[in-house]
Amino acid sequence: MTTQPPDLKEIEKEAQDLLGECDTPRKLEEVRVKLLGRKGLITGVMRELGRLPAEVRPAVGKEANLLRERIEAALAEKKRLTSEEKEVSEPLFDYTLPGRTPWLGRSHPITQTIIEIEDIFRGMGFEVAEGPHIETDYYNFDALNTPEDHPARDLSDTFYVDKGILLRTHTSPVQIRVMEKKSPPVRIIAPGLCFRRDTPDASHVPNFFQTEGLYVDREVSVTDLKGVITAFARELFGPKIKVRFRPHFFPFTEPSVEYDFSCMICEGSGCPVCKRTGWVEISGAGMVDPEVFKAVGYDPEIYTGYAFGMGVDRIAMIKYRINDIRLLYENDLRFLRQF
Amino acid sequence: MKLSYNWLKELIPNLSWNPEQVAEKLTMSGTEVESLHPAWPEPEGIVVGHVKEVKTHPEAKNLKVCQVNIGQKRLQTVCGASNLERGQRVALALPGVKLPDGLEMKEAEIKGTKSAGMICSEKELGIGEVGDIILVLDDEFVAGTSLAEALRLRDSILELEVTPNRPDCLSHIGIARELCALGGGTLKLPETHFREAGIETASEVEVEIEDVVGCPRYTARVIKGVKIRPSPKWMALRLESLGIRSISNVVDITNWVLLETGHPLHAFDYDNFAQRRVLVRRAKPGERFLTLDGVGRTLSSNSLLITDGETPVAIAGIMGGEKSEVSGSTRNILLESAYFDPPTTRRTSKELGLVSESSYRFERGADPENAVFASERATRLIQELAGGEVLKGLVDCYPKKVAFPKVKLRPQRVSTVVGIEIPKEESRKTRR
């Protein structure tokens, strides 16, 4: 069976007519399908080629291919024209759209916690003091009754910058710096960064925030310390909170305590956060050791005082129910936007 | 530091607090208990069996068919262990029992012979590493007794955080004393009685201290003709439950007394001393010494050495030497109970990067007055468990008594610092 070769000229004319009518991208697409789609005119021609007698097939095939190339070129040209027309024909800017609100930054949860701690203590008559992150052996250890050979130096693994110069391991050096400059009464808190050589895990990072507290005057006693810590806990976490003090040891206070808050998450009934004890350890405190007073030239027979520390990160973690301290230092915006 | 509740109970027979209460009392008095857990797995239904009869299995010559007396009745059980013998006391897991590794005991037939229960190895019981031979118990155990009871496996381990100001709490007696002060009972010190015989210790060893600052006191005893062998199971198990590897009776006793009294001791193989003397001196700069952990160490003049007059035998208060270590062939022992000063010990330990149970205590501060008691306690245990003849008298080189500071307590000052009035009577009662 043989077939008549298609009339390529006729087909080209028809195609030209179709293309001539296109003035929008949508119409152009319809025409493209009519010509080059699976059932399109040109596609039909190509399909028919196989059925032609062998002697005419090469010549007609060549013509048909050229025709297809011409049509494709014409389509592409038309497409370029219609899309350019579209851009020109549509408005560039809609003045009636509401403006985009720029995203506002906010305080880091640790900053928020420090501000809250400062507010509470200011309300109780404390001033905010600061000290350098890079400290000397003297302020970090010696003046705090922790001489070179003292086993308490084992308690913290220290980053040394140079011989005798280190990154402070606690905020307690601020006590010394303040007392050296000022006579009693002294009533300060000192929030800030501290550094220890800990391997990061869910509850340790090598740099962390502490807040130091110090009150020195005549006849300051353990009862004052208990009072101020309890008042602080209630202010921060509400009136139901309980505080407990356990005897402990620090070289720069005597007697020393560690203090715990009742677990705010399970309210004392036991949960993973408090390791089922119902209590969350906050930090240490105590009555300033007379040796520390001697180092700054205060007379321990006249003055007594208390000092306390508190882990700012830990308080932030309890307050915002964060279970991994590292989250606070990764600065992932998806995390920070939640506070 | 790890503590055994049973041990505390032996030191305070009238202790009325259970392990949880002890933990709570200690935590609230300043020695925080970080964890409390059972010393060993305590599977029910494992009993002491007395092997009455052992026959070769008719179908398999590497299996044995045994008749085991478990008190009221006998069980027939098939066992493949190479060290099984007639007359042994063994640990038998009864049918129905689940071992710590999850294996469940069933009555079964092994190649046509009925077998009930299983004779267990240490490893199967979860109390040791030996898994290829069965555990053989001491002959004194009565068939049918539960294994947990026979080996005193039922115990609680308390892990404590002892603050650096309380080196007196680094022992069972120390913590027991603390519990008594908290109203837990009355302290009963362990037995220290032993028999002396033969010649005077002083004619067998001469002690000289060159550096009395580093070593204010050195006491020595000589015990002749001891038999070194493995420790009894109760001692080995208790030490291991507290994290100390059992080595041999004499070495274990020095560790036992360290955990009991808090005073570090050292036992030397006295036949390895070139001279009959102990000289405590500073190391020469660069002096080399091979410690018993097999490491060669270079010392500075900060280090204090125990020597036999010339050659070092130990780094004072830190670690003994390999050459004078007590071994299976040791016959004669020199028992050291000394007091080394904290800064000296600490400096050397830091310089060498070497921390031991002994250095940990000396650098925090041992009690020079505890040296004699610890020595007597160890001597008593050595005589009991390793035999031997304890020479007469203790050589006690203590040139200048360590002065104890007097602490003055001013009631007025107490009120000022504490903020409440504490009645004289209450104050006196607490300090008792």
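Colleague: An account of the overall build of chain A is needed here, citing residue identities and associated values.
Modeller: In terms of helices and strands, chain A carries twelve helices and ten strands. Over its C-alpha atoms, taken along the principal directions, chain A stretches across nearly 125 × 50 × 45 Å. Taken across its 339 residues, chain A has 45% of its residues classed as buried. A fraction of 67% describes how many contacts in chain A between residues 6 or more apart in sequence connect residues 24 or more apart. Summed over its atoms, the accessible surface of chain A is roughly 19100 Å², and 52% of this surface lies on carbon and sulfur atoms. Where the 46 positive side-chain charges of chain A centre and where its 54 negative ones centre are 7 Å apart.

Colleague: Outline the side chain of R244(A), listing residues and values.
Modeller: Within the fold, R244(A) resides in strand β7 (residues 243-250). Not counting the four nearest positions on each side in its chain, R244(A) is found in contact with E258(A), Y259(A), D260(A), W279(A) and M28(B).

Colleague: So what's going on with the domain arrangement of chain B? Residues and values would help.
Modeller: All names here are of chain B. As far as domains go, chain B holds domain 1 (2-39 + 155-181), domain 2 (46-149) and domain 3 (196-397). Relative placement of domain 1 and domain 3: their C-alpha centres are 27 Å apart. Listed by partner, the interface residues are 13 residues for domain 1 and 15 residues for domain 3. In this assembly, domain 1 packs against domain 3 so that about 1300 Å² is buried in total across both faces, 61% of it on carbon and sulfur atoms. Counting the contacts that link domain 1 with domain 3 gives one salt bridge. We note a salt bridge from E10 to R238, for which the minimum N-O separation is 2.8 Å. In this assembly, domain 1 and domain 3 are joined by five residue pairs in polar contact (both at pLDDT 80 or more). For the side of domain 1 that touches domain 3, the secondary structure elements donating two or more residues are β1 (2-4), α1 (5-11) and α5 (172-181). Among the residues forming the side of domain 1 that touches domain 3, the class breakdown is seven nonpolar, four polar and two charged.

Colleague: Give me the lowdown on the packing of helix α7 (residues 249-261) of chain B against helix α10 (residues 371-386) of chain B, citing residues and values where you can.
Modeller: Residues and elements named next belong to chain B. Direction vectors running N to C along α7 and α10 enclose 145°, while the axes themselves pass 9 Å from each other. By crossing handedness, the relation of α7 to α10 is classed as right-handed. On α10, the residues that touch N249, V250, I253, W256, V257, E260 and T261 of α7 are F373, A374, R377, A378, L381, I382, L385 and A386. A class-by-class count of the residues in the contact of α7 with α10 yields eleven nonpolar, two polar and two charged.

Parameters at a glance
Counting restarts for each chain: residues are numbered from 1 in the order of the written sequence. Here the convention is simple: chains get letters from A, ligands get numbers from 1, in the order in which they are written. Per-residue local features are limited, in this predicted model, to residues with pLDDT of at least 70; the limit for side-chain atom pairs, both in listing and counting, is 80 or more; totals at the level of whole chains, interfaces and linings are taken over all residues. Side-chain measures were taken over the full set of non-hydrogen atoms in the model, leaving aside hydrogen atoms and water. Segments assigned H or I by DSSP are reported as helices when at least four residues long, segments assigned E as strands when at least two residues long, and all are numbered from the N terminus. Per-residue accessibility, obtained with a 1.4 Å probe over protein chains only, is compared with the maximum for each type, and a residue is labelled buried under 20%, exposed over 50%, and partly exposed between these values. Contacts between residues were defined by any pair of non-hydrogen atoms, one from each residue, lying within 4.5 Å. Shrake-Rupley sampling with a 1.4 Å probe provides the accessible areas, and residues are treated as covered by the protein chains on show and by no other component. A residue counts as positive if it is Lys or Arg and as negative if it is Asp or Glu; His and the chain ends are not included. Charge positions are represented by NZ for Lys, CZ for Arg, CG for Asp and CD for Glu. Per the annotation, domain bounds derive from an automatic or database assignment of domains. Two parts placed together each lose some accessible area under a 1.4 Å probe, and the buried area is that loss summed for both. Definition used for salt bridges: Asp or Glu carboxyl oxygen within 4 Å of a side-chain nitrogen of Lys or Arg. Within 3.5 Å is the distance limit for a polar contact, defined as a pair of N or O atoms, with the added protein rule that one can donate a hydrogen and the other accept it, and that residues adjacent in sequence qualify only through two side-chain atoms. Gly is put with the polar residues, along with every residue not named as nonpolar or charged; the nonpolar set is Ala, Val, Leu, Ile, Met, Phe, Trp, Tyr, Cys and Pro, and the charged set is Asp, Glu, Lys and Arg. Axes here refer to lines fitted to C-alpha atoms; in helices the fit is confined to the stretch in contact. Angles between the N-to-C directions go from 0 to 180 degrees. A clockwise turn of the near helix away from the far one marks a right-handed crossing, whereas an anticlockwise turn of less than a right angle marks a left-handed crossing.

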